[in-house]
2 protein chains.
Amino acid sequence: MNSEHNRGNGTGNGESKHHSVLDTLGLEITSGVLEEGRVLTLDTIQERFDVSRTVARETMRLLESKGLVVSRRRVGITVRPTASWQVYDPRVIWWRLAGPGRDSQLRSLTELRIAVEPLAAAAAARHAGAAERARLVELATAMRPLGEAGRLDPFNDLDVELHSLVLRASGNEMFAALTDVVAAVLRGRTQLGLMPDRPVPEALDLHEAVALAVADARHQDAEEAMRLLLSEVRDAMVPLGAPGGR
Amino acid sequence: MNSEHNRGNGTGNGESKHHSVLDTLGLEITSGVLEEGRVLTLDTIQERFDVSRTVARETMRLLESKGLVVSRRRVGITVRPTASWQVYDPRVIWWRLAGPGRDSQLRSLTELRIAVEPLAAAAAARHAGAAERARLVELATAMRPLGEAGRLDPFNDLDVELHSLVLRASGNEMFAALTDVVAAVLRGRTQLGLMPDRPVPEALDLHEAVALAVADARHQDAEEAMRLLLSEVRDAMVPLGAPGGR
DNA sequence: CCGCTCAATTGGTAACACCTTTCAGTGAGG
DNA sequence: CCTCACTGAAAGGTGTTACCAATTGAGCGG
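Everything quoted here is computed from the prediction, not taken from an experiment.

The next subject is the overall build of chain A. Scanning chain A from terminus to terminus reveals 11 helices and 3 strands. For the C-alpha atoms alone, the extent of chain A along its principal axes is close to 60 × 45 × 35 Å. Taken across its 246 residues, chain A has 48% of its residues classed as buried. Pairs at least 24 apart in sequence give 67% of the contacts found in chain A among residues at least 6 apart. Just so you have it, chain A exposes about 11900 Å², and 51% of that area is on carbon and sulfur atoms. If you average the places of the 30 positive and of the 34 negative side-chain charges in chain A, the two averages end up 6 Å apart.

Encoded structure:
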């Protein structure tokens, strides 16, 4: 439970010192163990992780650039409130998904997906290359038997690839930059058991509909199919008490 | 050699050394002056900016965490391709908006707005507090006379506040985190002369419609009005390559 | 063609001077 | 006795230098 730092021991040499202390601190802050207003100092970081001042400082700088802390003279390194975190930073997302706030994080990211992916599908229908269109159809058709057989893991892999491909093929870098996020959401959802035992048939149909619409450059259809697919996704998530009801 | 620190420079004392070198390097990379594959070393950075190794290193770490460079032993600090940049990092966005790619950046961000803001409006219609609803209506009604008079700057200020408020009131932190981006887009658009001399009447109507729908908790209407408003925005953008300069 | 050595460059440590900011203590005045 | 302003010292980040270790690409020699 206590984090012993594997210093110099054979296996885990690779990751630079920064990485381990950054991850530890990042996790502790995002998970609330180090709550807002808590003050650290470089000295305590040095001592706690047994690293040099340089490493402590560079780590602090990284945390600061992610909005997790602020460093001020004479006072130290203060943990900042949630509102100032850089929530699009991949590492921040990762930390939050790994911590206790995972569920709510998954929900806000899903809402983001609902916003972005339909437009990305429409854009992909306009801009995708021939190979990408073909691959999409291939993926969607391959998903059906896996889904019907309830083989969730390989199904999930294809699902991730399909959604990532749509985002990348959209031609908008802001959309494309969300591939990792979407992948994390999709993976996290199954790992967390938020998925039904096997995908509902509509989901299979809709994946196919999206792929075909993109392949045929029917951008309006692609957008609508993706929208339906995602509202399906939202409804399938375990409720948090929201009536929903579109 | 002898370090006469130019520390006493009158005006710009505040910003730490990092800031200036980080901004310079960040701008040069995002603008393409330092193209992909270009290799820097800590020594050259030290020399060029007359800073210590510590500052050079910490700056490099920041650039690395933004995906702009990668640092490897024996080889140096290599500029990474556009695809690996953290395009949601506020500073990266800022650099790109300040550089020659401003126009295309503005376009991809606008597409992101089109995706996100309608959903944010719908969410705001559900979750906003009473004060927020009132403020929205207030803003929208105040915008009309300014718009009709062609007073673009104050109009723009209210516009920024309205859109920011919607995003914040949505209750989704991923949406809320885009306020700065949206503000930058709105401001950049007028500064760049991409706006018509005075807002079209439909825009004024739609702002009001959004505000009223949110205030009345009509989430479907709010979403639709925001969608119309943004498609208006997209259509109003001067097509690629148009001369700016108002 | 392969392996060896060398040198370049980052990774990491240590010690230091300096500057800013805070806070406690002190004294005067009400 | 209480309050407020000043003052001075300490705390802690900022920035610098020097140094060694680890890594690895490149050239050289067999």
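Interface size, as often reported, equals the accessible area lost upon joining of the parts. Each side of the interface is counted separately: chain B has 31 residues, and chain A has 31 residues. Contact between chain B and chain A buries roughly 2900 Å² in total, counting both sides, with carbon and sulfur atoms accounting for 60%. The three residues of chain B that bury the most area against chain A are Tyr88, Glu173 and Met174 of chain B, which together make up 23% of that side's buried surface. Of the charged contacts in the structure, one is a salt bridge between arginine 61 of chain B and glutamate 58 of chain A, with a shortest N-O distance of 2.1 Å. Summed over the shared surface of chain B and chain A, the number is 16 residue pairs in polar contact (both at pLDDT 80 or more). For the side of chain B that touches chain A, the elements supplying multiple residues, two or more each, are α3 (53–65), α4 (90–98), α5 (102–127) and α8 (173–176) of chain B.

Another point: the protein's contact with DNA strand C. In the vicinity of DNA strand C there are 21 residues, among which Lys17 and Ser52 of chain A together with Arg53, Arg57 and Arg73 of chain B approach most closely. Within 4 Å of the protein, the contacting atoms of DNA strand C are 66% sugar and phosphate, with bases supplying the remainder. For DNA strand C, a sugar or linking oxygen lies 3.0 Å from a polar atom in the side chain of serine 71 of chain B. The contact in question runs from a sugar or linking oxygen of DNA strand C to an N or O atom on the side chain of arginine 73 of chain B, over 2.6 Å.

This part is about the relation of the copies chain B and chain A. Overlay of chain B on chain A (RMSD 0.1 Å): rotation 180 degrees, translation along the axis 0.1 Å. A rotation of that kind, with that shift, is consistent with a two-fold axis. Most of the interface of chain B is mirrored in chain A, where 100% of its interface residues are also at the interface.

Three- or four-residue spacings in an α-helix give side chains the same orientation, since the helix completes a turn every 3.6 residues. All names here are of chain B. For helix α7 (residues 152–169), with 18 residues, the first-to-last C-alpha span of 25 Å sits near the 26 Å given by 1.5 Å per residue. Burial runs high along α7: 13 of the 18 residues are buried. Just downstream of α7, glycine 171 is the residue with a positive phi angle, here 80 degrees.

Turning our eyes to something else, we now look at the environment of methionine 226 of chain A. All names here are of chain A. Considering the arrangement of structural elements, one finds methionine 226 in helix α11 (residues 219–236). Judged by its relative accessible area of 0%, methionine 226 falls in the buried class. Separated by 129 residues in the primary sequence, methionine 226 and leucine 97 have C-alpha atoms spaced 24 Å apart. Sequence-distant contacts of methionine 226, defined by excluding residues within four places in its chain, comprise Glu117, Pro118, Ala121, His163, Val166 and Val210.

The next subject is the pairing of strand β2 (residues 69–72) of chain B. Successive side chains on a regular strand alternate, one facing one side of the sheet and the next facing the other. All names here are of chain B. Judged from the 4 bridges that link them, β2 and strand β3 (residues 76–79) form a sheet pairing that is antiparallel. Residue pairing in the sheet places serine 71 in a bridge with isoleucine 77 of β3. Between β2 and the antiparallel strand that follows it, β3, lie 3 residues; arginine 74 among them carries a positive phi value of about 70 degrees.

Around DNA strand D sit 22 residues, and of these Arg57 and Arg74 of chain A together with Lys17, Ser52 and Thr54 of chain B come closest. Within 4 Å of the protein, atoms of DNA strand D come from sugar and phosphate in 62% of cases. Here arginine 72 of chain B contributes a side-chain N or O atom positioned 3.2 Å from a phosphate oxygen of DNA strand D. Every element with two or more residues in the surface near DNA strand D is listed here: α3 (53–65) and β2 (69–72) of chain A together with α1 (17–31) and α3 of chain B. For the surface near DNA strand D, the element with the most residues is α3 of chain A, which contributes 4 residues. Per-class residue counts for the surface near DNA strand D are 4 nonpolar, 8 polar and 10 charged.

When the UniProt feature table is mapped to this numbering, "domain: HTH gntR-type" (unreviewed entry) covers residues 15–82 of chain A. In the segment residues 15–82 of chain A, helix accounts for 51% and strand for 15%; the C-alpha atoms at its two ends are 28 Å apart.

In this structure the tally under the stated criterion is 40 salt bridges over all chains. Arginine 38 of chain A serves as the salt-bridge partner of glutamate 35 of chain A, at 3.1 Å between the closest nitrogen and oxygen. According to the relative accessible area criterion, glutamate 35 of chain A is partly exposed, its value standing at 40%. The residue arginine 218 of chain B makes a salt bridge to aspartate 216 of chain B at a minimum N-O spacing of 3.2 Å. Relative accessible area serves as the criterion here: at 33%, arginine 218 of chain B is assigned to the partly exposed category. It is possible to trace a salt-bridge network through shared partners that takes in Arg57, Arg61 and Glu64 of chain A together with Glu58 of chain B.

The next point concerns the side chain of glutamine 105 of chain A. For glutamine 105 of chain A, the location among the structural elements is in helix α5 (residues 102–127). A distance of 3.5 Å separates polar atoms of two side chains, one belonging to glutamine 105 of chain A and the other to arginine 96 of chain A. Apart from residues lying up to four places away in sequence, glutamine 105 of chain A is in contact with Ile93, Arg96 and Leu97 of chain A together with Glu173 of chain B.

With domains assigned, chain A is organised as domain 1 (15–84) and domain 2 (101–236). Its C-alpha centre places domain 1 of chain A at a distance of 36 Å from the equivalent point of domain 2 of chain A.

About the thresholds
- Residues numbered from 1 in each chain as written.
- Chains lettered and ligands numbered in written order.
- Predicted model: local features only at pLDDT ≥ 70, side-chain atom pairs only at ≥ 80, totals over all residues.
- Heavy atoms only, no water.
- Helix = DSSP H or I, 4+ residues; strand = E, 2+ residues; numbered from the N terminus.
- Buried < 20%, exposed > 50% of the residue type's maximum accessible area, 1.4 Å probe, protein only.
- Contact = heavy atoms within 4.5 Å.
- Areas by Shrake-Rupley, 256 points an atom, 1.4 Å probe, with all protein chains shown as cover.
- Lys, Arg positive; Asp, Glu negative; His and termini not counted.
- Charge placed at Lys NZ, Arg CZ, Asp CG, Glu CD.
- Buried area = accessible area lost by both parts, 1.4 Å probe.
- Salt bridge = Lys/Arg side-chain N within 4 Å of Asp/Glu carboxyl O.
- Polar contact = N/O pair within 3.5 Å; in protein donor to acceptor, adjacent residues only side chain to side chain.
- Near = heavy atom within 4 Å.
- Least-squares fit on C-alpha atoms with pLDDT ≥ 70 in both.
- Expected span 1.5 Å × (residues − 1).
- Pairing = 2+ DSSP bridges.
- Nonpolar A, V, L, I, M, F, W, Y, C, P; charged D, E, K, R; others polar.
- UniProt positions renumbered as here; feature names shortened; annotations may be inferred.
- Domains from an automatic or database assignment.

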